[in-house]
Amino acid sequence: MSTSTVTPATARANARAAARAAARVARLARDAEPVRVASKHTLLVRLSHWIHVPLLVGLIVTGLAIYWAAPVFRHAPTPGNPRGDYLVDIGRALAPLMGGAPARSGAVDTRFWLYDRLSLGPAQLANALRLHWLFAYLYMLCGALYVVGLVRGGGWRALMPRVSDPAEALAMIRYYLGVVPHALARKPWPHPPIGGKYNALQRGAYFTMPLLGLLVVLSGWAMHHPATLPWLERLFVNYDAARIVHFACMAVLGAFMLPHVILVAADGWDTFRSMITGWSTRLKGTHHG
Amino acid sequence: MAEAKRKPRGPSLADRIDAAMKRTAAAAAERPDDTREVPRGRLAAHSRRDFLLWSAGVLATAATGWWMLPERAKRTWFPALNDKLDTLAARVGLTRMRREASLNRVLTFDDDVAEALYSKHRTVRTYDRPDPRPLRNNYHGRTPGPEILPAWRLKLSGLASGRTEQLAIGDITSRFPRRDMNTRLVCVEGWSHVVAWGGVRFADLLAAFPPAPGARWAAMRSDVSLNGRGEPEPYYVSIDLETARHPQALLATHHGGARLTLAHGAPLRLVAPMKLGLKNIKAITHIAYTAEEPADYWNERGYSRYDGL
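Quick caveat, the model's predicted, so the values are computed rather than measured.

**Thoughts on the interface of chain A and chain B**
- On the chain B side, the residues contacting the 68 residues of chain A number 58 residues.
- When chain A packs against chain B, close to 5,500 Å² is buried across both sides, 58% of that on carbon and sulfur atoms.
- For the interface between chain A and chain B, the tally reads 7 salt bridges.
- At the junction of chain A with chain B, the criterion picks out 24 residue pairs in polar contact (both at pLDDT 80 or more).
- Per-element accounting of the side of chain A that touches chain B gives the leading share, 10 residues, to helix α5 (residues 125–153) of chain A.
- Tallied by class, the residues present in the side of chain A that touches chain B amount to 37 nonpolar, 12 polar and 19 charged.
- As paired elements, strand β1 (residues 34–39) of chain A and strand β1 (residues 34–39) of chain B share 6 bridges and run antiparallel to each other. Bridge pairing in β1 of chain B places Val-35 of chain A opposite Val-38 of chain B.

Dropping the structure here:
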């Protein structure tokens, strides 16, 4: 450029343009820079994982509304709890603690406190049954997708139990128990070495959950069709035992969600992202420092 | 004598099992990471796309979930937002009526599955002895009083003869052989009870008074049924004739070795252990055979119409 007169304004504009161009080049260079990623979860596994969340919540919520109609775990009838339903007692005990209702008076009905919060509320049997069947069919479909995803992607191998699991599980429990005290004392607390995608506790949990899913589906069918599937009802001894198995599976599957969410949050962004995008920048042997 | 010749042999069984186990272990062993190099920009773009799709899925699920919630739960969980969200949902076509229709389609699908699983040749499990506890009276309203008994007749219509038959309880018990069975009565609420039933086979009644050709259903009705205030409120169920012809479908007259009490459907009730308890209508007064599916009390109140166990 042979222009002789450069005003300060033009100079500033030129400088800004140059800076923008440089930033663009730098960004392009950065974007072109290769990153090594490991493929963690196949699309089917990711999809079925997330679809499981609302389905499991929906099944528990509607399942409790069905349970309300004829509770399994009961004591002798008491005034205000003629069916002796322990969940009514638990709700009553929790209501004042959670600020849901003043404990002082009988003006507020706390009988259905738990059912109103964890479930659809009392006397919702017809609604609950229809929703439960809807979620149950979707849950079975979703479970099948998950298994197909695990098999096709080879992800099942990371879930198989190993001989070394008991010792490694103990090491992990010791590690988890020590995390908070060591953080408070600002002392190093190294993560035990892990020989794979998951530690032994995770492997145990992720191996057991699909089996529990199968058990909850089988016990559900045993209750739904004891007359047309008598062999299935007998597998659970009888109708009432199938109800108890179904309830127990629900409790464990529901209880699994809490530590699962806490541990994923503790493990970090990469772990959460990998269940959405499928890839992780943590390569085996380098993570959990 | 020459040394016995030893045949060359393959690996022993133990070796082969060992090898098979090693192969299985190797096949199940975790593989090294499947890694690849991707330009950072492409990774970011993929990540953005996946997170947007995921968020859209979360929103869609939340909207659908809210729409499917029964009114009571919506009022309890979202007292402030309930009306506004309802109006918003109705604007995009997610109305309460459409929800009911969708949920009823789920019921129909589940009923179709149940019907496909049913076979009238498969017997329902029977038990050596009934539950010792007394059977619960689950009448929806009040229990009818003894005044219903003297004038009680079973009215049969939709017969091949074209006539309407009126049978007294004695006509039924003297004409057909008595059958006894201990089967489980399963309530839709979830409780169940093994009961000792006695009565006549529905199939025997069908053979003696055959339905008109083309009939596929029995509309069973109790005109003596009462509501909670003790006023007459007929109870009616639909029973497919495939079920009625099952050898364990009884028109019961006895329970626990004695005549049926009024609480359990005196003088005649249906016992179909392959159906939920709510189909096991008490104090039957009418049976009409029909070609079209008849009305069903609990189906009109949001429950299944097939109720197959």
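**Some remarks on the pairing of strand β7 (residues 235–240) of chain B**
Residues and elements named next belong to chain B.
- Taking burial as the measure, the 6 residues of β7 include 6 buried ones, the bulk of the element.
- Residues of β7 alternate between two faces, with Tyr-235, Val-237 and Ile-239 on one and Tyr-236, Ser-238 and Asp-240 on the opposite face, all of them buried.
- Bridging between strand β6 (residues 217–222) and β7 involves 6 bridges; their strand directions are antiparallel. The residue bridging Trp-217 from the neighbouring strand is Asp-240, located in β7.

**Considering the pairing of β1 of chain A**
- Note that β1 of chain A and strand β2 (residues 279–280) of chain A share 2 bridges and pair antiparallel. In the sheet register, Ser-39 of chain A faces β2 of chain A, and the bridge partner there is Trp-279 of chain A.

**Describing the nonpolar core**
- In this structure, Trp-197, Phe-202, Leu-205, Met-220, Ile-287 and Tyr-289 of chain B are the most contacted members of the largest nonpolar core, which totals 110 residues.
- If you count residues domain by domain, this core takes at least three from each of domain 1 (48–115) and domain 2 (126–301) of chain B.
- Filtering out sequence-adjacent residues up to four positions away, Leu-205 of chain B remains in contact with Leu-156, Leu-167, Phe-176, Leu-251, Ile-287 and Tyr-289 of chain B.
- Counting residues in each nonpolar core, the second largest holds 7 residues, with Ala-158, Leu-159, Tyr-206 and Met-275 of chain A among its members.

**Details of helix α2 (residues 43–69) of chain A**
- In this model α2 of chain A runs 40 Å from its N-terminal to its C-terminal C-alpha over 27 residues, within 8% of the 39 Å that 1.5 Å per residue would give.
- Where α2 of chain A bends most, at His-52 of chain A, the angle is about 30°, and the proline Pro-54 of chain A comes one to four residues later.

**So, the pattern of salt bridges**
- What the rule picks out here adds up to 30 salt bridges over all chains.
- A salt bridge links Glu-71 of chain B to Arg-96 of chain B, with the nearest nitrogen and oxygen atoms 3.3 Å apart. Here Arg-96 of chain B lies in helix α5 (residues 96–117) and Glu-71 of chain B lies in helix α3 (residues 71–77), a separation of 25 residues in the sequence.
- The class of Arg-96 of chain B is exposed, set by a relative accessible area of 51%.
- The salt bridge involving Arg-229 of chain B is made with Glu-231 of chain B; its shortest N-O contact spans 3.2 Å.
- Residues joined by salt bridges that share partners form a network here, namely Arg-130 of chain A together with Glu-71, Lys-74, Asp-86, Arg-96, Arg-99 and Glu-100 of chain B.

**As for the packing of helix α6 (residues 165–184) of chain A against helix α7 (residues 200–224) of chain A**
All names here are of chain A.
- The N-to-C vectors of α6 and α7 enclose an angle of 110°; their axes lie 7 Å apart at closest approach. One element, α6, and the other, α7, form an angle in the roughly perpendicular class. For the pair formed by α6 and α7, the contact residues are Asp-165, Glu-168, Ala-169, Met-172, Ile-173 and Tyr-176 on the first element and Ala-200, Leu-201 and Arg-203 on the second.
- Residue classes in the contact of α6 with α7 are distributed as 6 nonpolar, no polar and 3 charged.

**Structural notes on the confidence of the model for chain A**
- When pLDDT is averaged along chain A, the result is 87, and 92% of the positions lie at 70 or above.
- The lowest-confidence element of chain A is helix α3 (residues 86–97) of chain A, averaging 84 in pLDDT; the highest-confidence one is α5 of chain A, averaging 95.

**Quick notes on empty space enclosed by the protein**
- Taken as a whole, this structure holds 3 cavities of 30 Å³ or more when the rule is applied.
- Computed from the structure, the largest cavity encloses a volume of approximately 930 Å³.
- Lining the largest cavity we find 46 residues, and of these Ile-66, His-132, Trp-133, Met-223 and His-246 of chain A sit closest to its centre.
- Breaking the lining of the largest cavity down by element, the ones donating at least two residues are α2, α5, α7 and α9 (239–267) of chain A together with α5 of chain B.

**Points about the packing of aromatic side chains**
- Per the stated rule, a full pass over the model turns up 20 aromatic pairs over all chains.
- With a centroid separation of 5.1 Å and an interplanar angle of 65°, the aromatic rings of Phe-73 of chain A and Phe-247 of chain A are classed as edge-to-face. A residue pair is termed long-range when its members are at least 10 positions apart, and Phe-73 of chain A in the loop between α2 and α3 and Phe-247 of chain A in helix α9 qualify at 174 residues.
- Of the residues examined, Phe-73 of chain A reaches a relative accessible area of 33% and is grouped as partly exposed.
- Their ring planes at 75° and their centres at 5.8 Å tell us that Tyr-236 of chain B and Tyr-297 of chain B sit as a pair that is edge-to-face.

**Comments concerning the environment of Asn-127 of chain A**
- Tracing the chain through its elements places Asn-127 of chain A in helix α5.
- On the basis of relative accessibility, which here comes to 18%, the residue Asn-127 of chain A falls in the buried class.
- Separated by 92 residues in the primary sequence, Asn-127 of chain A and Val-35 of chain A place their C-alpha atoms 51 Å from one another.
- Among residues more than four places away in sequence, those in contact with Asn-127 of chain A are Pro-70 and Glu-100 of chain B.
- Engagement of the side chain of Asn-127 of chain A in a polar contact is seen with the side chain of Arg-130 of chain A, the distance being 2.8 Å.

**Quick look at α7 of chain A**
- A rise of 1.5 Å per residue sets the reference length of α7 of chain A, with its 25 residues, at 36 Å; its end C-alpha atoms lie 36 Å apart and thus fit the reference within 8%.
- Between the side-chain oxygen at the start of α7 of chain A and the backbone nitrogen of Leu-201 of chain A there is a gap of 2.8 Å, and the oxygen is on Asn-199 of chain A.

**Re the side chain of Lys-282 of chain B**
All names here are of chain B.
- Along the chain, Lys-282 turns up in the loop between β10 (269–271) and β11 (286–290).
- One buried charged side chain, Lys-282, makes no salt bridge at all; its nearest oppositely charged neighbour is Glu-189, positioned 11 Å away.
- Within the structure, Lys-282 has its side chain in polar contact with the backbone oxygen of Ala-263 (distance 2.9 Å).
- Excluding residues that lie within four positions of it along the chain, Lys-282 makes contacts with Asn-137, Asn-138, Tyr-139, Ser-222, Ala-263, His-264, Gly-265, Leu-268 and Arg-269.

**Considering the layout of surface pockets**
- By volume, the second largest pocket is sized at about 1,100 Å³.
- Lining the second largest pocket are 34 residues, with Trp-50 and Pro-54 of chain A together with Gly-57, Thr-61 and Ala-62 of chain B sitting closest to its centre.
- Counting residues per element, the ones that place at least two in the lining of the second largest pocket are α2, α5 and α10 (269–277) of chain A together with α2 (40–68) of chain B.
- Here the residues of the lining of the second largest pocket are counted per class, giving 26 nonpolar, 6 polar and 2 charged.

**What to know about the sheet that holds β2 of chain A**
- The antiparallel open sheet is built from 3 strands, whose spatial order is β2(A)-β1(A)-β1(B). Looking at which strands have only one partner, the edges of the open sheet turn out to be β2 of chain A together with β1 of chain B.
- Most of the contacts of α2 of chain B go to β1 of chain B, to which it runs at about 100°, and overall it touches β1 and β2 of chain A together with β1 of chain B.

Thresholds, definitions, all that
Residues numbered from 1 in each chain as written. Chains lettered and ligands numbered in written order. Predicted model: local features only at pLDDT ≥ 70, side-chain atom pairs only at ≥ 80, totals over all residues. Heavy atoms only, no water. Contact = heavy atoms within 4.5 Å. Buried area = accessible area lost by both parts, 1.4 Å probe. Salt bridge = Lys/Arg side-chain N within 4 Å of Asp/Glu carboxyl O. Polar contact = N/O pair within 3.5 Å; in protein donor to acceptor, adjacent residues only side chain to side chain. Helix = DSSP H or I, 4+ residues; strand = E, 2+ residues; numbered from the N terminus. Nonpolar A, V, L, I, M, F, W, Y, C, P; charged D, E, K, R; others polar. Pairing = 2+ DSSP bridges. Buried < 20%, exposed > 50% of the residue type's maximum accessible area, 1.4 Å probe, protein only. Core = buried A, V, L, I, M, F, W, Y, C linked by side-chain atoms within 4.5 Å. Domains from an automatic or database assignment. Expected span 1.5 Å × (residues − 1). Bend = angle between axes of the 7 residues up to and from the residue. Axes fitted to C-alpha atoms, helices over the stretch in contact; angles between N-to-C directions. Parallel < 35°, antiparallel > 145°, perpendicular 65-115°, else oblique. pLDDT = per-residue confidence, 0-100. 1 Å grid on protein atoms, 1.4 Å probe; cavity = no way out; pocket = protein on both sides within 12 Å on 5 of 7 lines; lining within 4 Å. Points joined across faces, edges and corners; volume = space filled by probe spheres on them. Phe/Tyr/Trp six-rings, centres within 6.5 Å; stacked < 30°, edge-to-face > 60°. Lys, Arg positive; Asp, Glu negative; His and termini not counted.

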